[in-house]
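Each chain, letter by letter, is given below.
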Amino acid sequence: MKPSQKERSAGAIIFSINGHRSYLLLHYPEGHWDFPKGHIEQDEEEKQAALREIKEETGISNIKFIEDFKEKIHYFYTGEKKLISKEVIFYLAEADSQEITISFEHIGFIWLPYKESLERLTYKNAKGLLERAEILLNSN
Ligand code: ATP
């Protein structure tokens, strides 16, 4: 099957420091755990889309982006008999609070330290992103 549709989303690996560094993971209704992300609207900048989606999905509006991090992942999935080619751009950002208000799109959230986050994340490409984020943060 050739991909008949392309989708682009943007999101962020969000961490906060409360004694130690924790990462924010969302529990999707399909069962997987992943970072907040969502579709980039027409005429919307990637970072602007990430900010909007983070606000909608977590209630977090006060974040500080880590400048040197911008990563792209790609996957295919089948939606309503169509093969969809999807690209997601991820930023890395620090939240100043761990207070979360999740939207109807998710069934839960959790803040976890690096190793537990790596284990909890469902997809290999998301684990790869987290590994690169942790390396960058440890080098700063
Ligand atoms: P968005 O959050 O960007 O609005 P969505 O909720 O419509 O997107 P996805 O999260 O991309 O859709 O999920 C669509 C399908 O792709 C699901 O079957 C999901 O399990 C799968 N999927 C989601 N993330 C990944 C990933 N990182 N790697 C592989 N497959 C994924």
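As shown above, the structure is provided for reference.
Residues numbered from 1 in each chain as written. Predicted model: local features only at pLDDT ≥ 70, side-chain atom pairs only at ≥ 80, totals over all residues. Heavy atoms only, no water.

Undergrad: Describe the pattern of salt bridges, naming the residues involved and giving the relevant values.
TA: Within the structure shown, the criterion is met by 11 salt bridges. In this structure, Arg8 and Glu46 form a salt bridge, with 2.6 Å as the shortest nitrogen-oxygen distance. Of this pair, Arg8 sits in strand β1 (residues 5–18) while Glu46 is found in helix α1 (residues 46–58), placing the two residues 38 residues apart along the sequence. Across the pair Lys70 and Glu46 runs a salt bridge whose closest N-O atoms are separated by 2.6 Å. Of this pair, Lys70 sits in strand β5 (residues 63–79) while Glu46 sits in helix α1; the two residues are 24 residues apart in sequence, bridging distant segments of the chain. Sharing partners across several salt bridges, the network here consists of Glu41, Glu44, Arg52, Glu53 and Glu56. (Salt bridge = Lys/Arg side-chain N within 4 Å of Asp/Glu carboxyl O. Helix = DSSP H or I, 4+ residues; strand = E, 2+ residues; numbered from the N terminus.)

Undergrad: So what about unusual backbone geometry? Which residues, and what values?
TA: Backbone geometry places Asp43, a non-glycine residue, at a positive phi of 65°. A relative accessible area of 78% means that Asp43 is categorised as exposed. A positive phi angle, near 40°, is found at Glu80, a position not held by glycine. Exposure remark for Glu80: the relative accessible area of 78% places this residue in the exposed category. (Buried < 20%, exposed > 50% of the residue type's maximum accessible area, 1.4 Å probe, protein only.)

Undergrad: Describe the side chain of Glu53, naming the residues involved and giving the relevant values.
TA: Examined against the element boundaries, Glu53 turns out to sit in helix α1. Among the polar contacts made by the side chain of Glu53, one reaches the side chain of Arg52 at a distance of 3.0 Å. With residues up to four places along the chain from it excluded, the contact list for Glu53 reads Ala10, Lys37, Gly38 and His39. (Polar contact = N/O pair within 3.5 Å; in protein donor to acceptor, adjacent residues only side chain to side chain. Contact = heavy atoms within 4.5 Å.)

Read these as layout, nothing more, since geometry by itself doesn't imply function.
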